[in-house]
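Notes for the structure review
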Amino acid sequence: MMNTEKTKVHFTDNSLINATNPIQVNVFGAGGTGSKVLTALIEMEHSLVELGHAGLSVRLWDDDRVTEPNLGRQRFAACEIGLYKSLALINRSNRWEGTNWKAETVKFGKDHLGRLPQYAPASIYISCVDSVQARFEIAGILKALSNSRNYGNEPKYWLDFGNSQHTGQVILSTIGKISQPKSEMYETVASLPFVTDEFGDLLKHSEATDDTPSCSLAEALEKQDLYINSSLTQMGCSLLWSLFRNGLTQYRGFFHNLKDFNTHPIKVA
């Protein structure tokens, strides 16, 4: 008997494909993964513009400064020690690509009155944070933003990167439902669950991250292997790129183990 079940896909929100202005992107974290994600976004920005797209406008959030143990595993040079990570990376990116991206030297979050910065809304949110608590805080903020949409700058997607020493995952979520076109070929899926909703228990019971500053690169490598961040970055940003380039995706993330070179994709469901 012929299998007539349609492949499930998620079609990219049309506002990202046919943008008249650069797509607003908020990146949280400028460390081992975040610093490399920013490099990938520079490549993506250049490629999108060359293809006739409006490109990206990135705002990077991190309150940490560059220290000597960051050198080697993160995208920093010795001459940047003491600088805010977000400023060092954004200044370099703007010089490289001629962009006008922004740096924030604070963590993304609400102020003491529970308010978000007026310039916080974006279409895409990318989290490269090192704690489970930070993910749940981001999830709470994004859910609140989904209920107070702004014309032309509505929150659409959350791409979360997380890892331990040798393993990690990247999960793509929609912020609310994304309107899907009618399709005879595919079964369309309008909503992709938050990582905190789908894998919340797994996150809470996962190995606690020791975010105590490392005294050396050797000590830092005991917590996160040299290439786990790079490996996750390339694959995760490829997923984001496919949303722009292909206009749809069959996958909403993956689990990755660099120690045994094994990756398990997560299909749209």
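Up top you'll find the structure we're talking about.
The model shown is predicted, which means the values in this text are computed figures rather than measured ones. (Residues numbered from 1 in each chain as written. Predicted model: local features only at pLDDT ≥ 70, side-chain atom pairs only at ≥ 80, totals over all residues. Heavy atoms only, no water.)

1. Considerations on the sheet that holds strand β8 (residues 186–188)
Applicable threshold: Pairing between strands requires that DSSP locate at least two bridges from one strand to the other. Secondary structure elements are defined from DSSP: runs of H or I of at least 4 residues count as helices, runs of E of at least 2 residues count as strands, and each element is numbered from the N terminus.
Here we have 3 strands laid out as an open sheet, ordered β8-β1-β9, and mixed in their pairing. One side of each edge strand has no neighbouring strand; the edge strands of this open sheet are β8 and β9 (248–249). Sheet topology note: the strand β1 (residues 7–11)/β9 ladder contains 2 bridges and is antiparallel. Bridge assignment links Phe11 to a residue of β9, and that residue is Leu248.

2. With respect to helix α2 (residues 34–50)
Let me state the cut-off plainly: To estimate how far a helix should reach, multiply one less than its number of residues by 1.5 Å. Working definition: with a 1.4 Å probe on protein chains only, accessible area under 20% of the residue-type maximum means buried, over 50% means exposed, and in between means partly exposed. What makes two residues a contact is simply this: any of their non-hydrogen atoms within 4.5 Å.
For α2, spanning 17 residues, the distance from its first C-alpha to its last is 24 Å, which sits close to the expected 24 Å at 1.5 Å a residue. Inspection of α2 places Gly34, Ser35, Lys36, Val37, Leu38, Ala40, Leu41, Ile42, Met44, Glu45 and Leu48 among the buried residues, and these make up the whole buried set. Buried residues along α2 sit in contact with β2 (23–28), β3 (56–61), α3 (85–97), β5 (124–127), β6 (157–163) and α8 (228–245). A positive backbone phi angle near 90° is found at Gly52, which sits one or two residues after α2.

3. Concerning the side chain of Asn26
What counts, and what does not: Counted as a polar contact is a pair of N or O atoms within 3.5 Å, where, for protein atoms, one must be capable of donating a hydrogen and the other of accepting one, and residues adjacent in sequence contribute only when both atoms are in side chains.
With respect to the helices and strands, Asn26 occurs in strand β2. The class of Asn26 is buried, set by a relative accessible area of 2%. For Asn26, the side chain forms a polar contact with the side chain of Trp61, separated by 3.1 Å. Leaving out residues up to four positions away in the same chain, Asn26 has contacts with Arg59, Trp61, Phe108, Ala120, Pro121, Ala122, Ile124, Tyr125 and Ile126.

4. What about the side chain of Thr174?
Mapped onto the elements, Thr174 comes out in strand β7 (residues 167–174). The exposure class assigned to Thr174 is buried, which follows from its relative accessible area of 3%. Separated by 2.9 Å, the side chain of Thr174 and the backbone oxygen of Gly176 make a polar contact. Engagement of the side chain of Thr174 in a polar contact is seen with the backbone nitrogen of Leu192, the distance being 2.8 Å. Excluding residues that lie within four positions of it along the chain, Thr174 makes contacts with His10, Lys156, Tyr157, Ala190, Ser191, Leu192 and Phe194.

5. Comments concerning the state of the cysteines
As a reminder, the rule being used: For the purposes of this analysis, a disulfide is any pair of cysteine sulfur atoms at a distance within 2.5 Å.
Tallying each qualifying case throughout the model produces 0 disulfides. The thiol of Cys128 is not disulfide-bonded; the next cysteine sulfur, from Cys237, is found 7.8 Å away.

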